[in-house]
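Listed here are the chains, written in short residue letters.
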Amino acid sequence: MKERRTFTREFKLEAVRLSMEDDRSGAEVARELGIHRNLLYKWRKELLEDEEESFPGRGNLKASEAELQRLRREVARLREDQEILKKALVFFSKESK
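Asker: What is the right way to read the packing of helix H2 (residues 26–33) against helix H3 (residues 37–49) from this model?
Answerer: In helix packing, the relevant descriptors are the interaxial angle and the interaxial distance, both defined with respect to the helix axes. Across the interface, H2 lies against H3 with an axial gap of 8 Å and an inter-helix angle of 110°. Between H2 and H3, the crossing angle belongs to the class labelled roughly perpendicular. Considering how the two elements wind past one another, H2 and H3 form a crossing that is right-handed. Where H2 abuts H3, its residues Gly 26, Ala 27, Val 29 and Ala 30 lie against Arg 37, Leu 40, Tyr 41 and Arg 44.

Here's what the structure looks like:
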């Protein structure tokens, strides 16, 4: 089984720079770097979409994705709290009668 290769942010940035600046095609640059051309085009697209948050690193989320994940967890927790309070309201309203 072939092990998955990982690339540093610097490598990706340099690969994209080479593919955009030189007279060579993206496929040629990819071949020279030993990567598939589709991977190079994927990196290029990611960099053009959001340069600051591109290539956050292995296992790391982009800041916007991390914030979204945090907010979803908070909403889930608040919904649980709301359900507990509803049950408590029903319980205590029965007790007071």
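This is not the end of the story, as more comes after the structure.
Asker: I would appreciate a short explanation of the packing of aromatic side chains in the present structure.
Answerer: The geometry of an aromatic ring pair is captured by the separation of the ring centres together with the interplanar angle, meaning the angle of the planes. What the rule picks out here adds up to four aromatic pairs. Judged by centre distance (5.2 Å) and plane angle (70°), the ring pair of Phe 7 and Trp 43 falls under edge-to-face. Of this pair, Phe 7 sits in the segment before helix H1 (9–21) while Trp 43 sits in helix H3, and the two are 36 residues apart along the sequence. For Phe 7, a relative accessible area of 22% puts it in the partly exposed group. With 5.2 Å between their ring centres and 75° between their planes, Phe 91 and Phe 92 make a pair best called edge-to-face. Look at Phe 92 and you get exposed, because its relative accessible area is 55%.

Asker: Would you explain the pattern of salt bridges in this entry?
Answerer: Side chains that carry opposite charge are capable of pairing whenever their charged atoms lie near each other. A full pass over the atoms with the stated rule returns seven salt bridges. When the shortest N-O distance is used, the salt bridge between Glu 21 and Arg 17 registers 2.6 Å. Linking Glu 21 with Arg 17, this pair stays in helix H1, spanning four residues, or about one helical turn. Three or more residues are tied together by salt bridges with common partners; here these are Glu 14, Arg 17 and Glu 21.

Quick notes on the rules
Residues numbered from 1 in each chain as written. Predicted model: local features only at pLDDT ≥ 70, side-chain atom pairs only at ≥ 80, totals over all residues. Heavy atoms only, no water. Axes fitted to C-alpha atoms, helices over the stretch in contact; angles between N-to-C directions. Helix = DSSP H or I, 4+ residues; strand = E, 2+ residues; numbered from the N terminus. Parallel < 35°, antiparallel > 145°, perpendicular 65-115°, else oblique. Left-handed = near helix turned anticlockwise from the far one by under 90°. Contact = heavy atoms within 4.5 Å. Phe/Tyr/Trp six-rings, centres within 6.5 Å; stacked < 30°, edge-to-face > 60°. Buried < 20%, exposed > 50% of the residue type's maximum accessible area, 1.4 Å probe, protein only. Salt bridge = Lys/Arg side-chain N within 4 Å of Asp/Glu carboxyl O.

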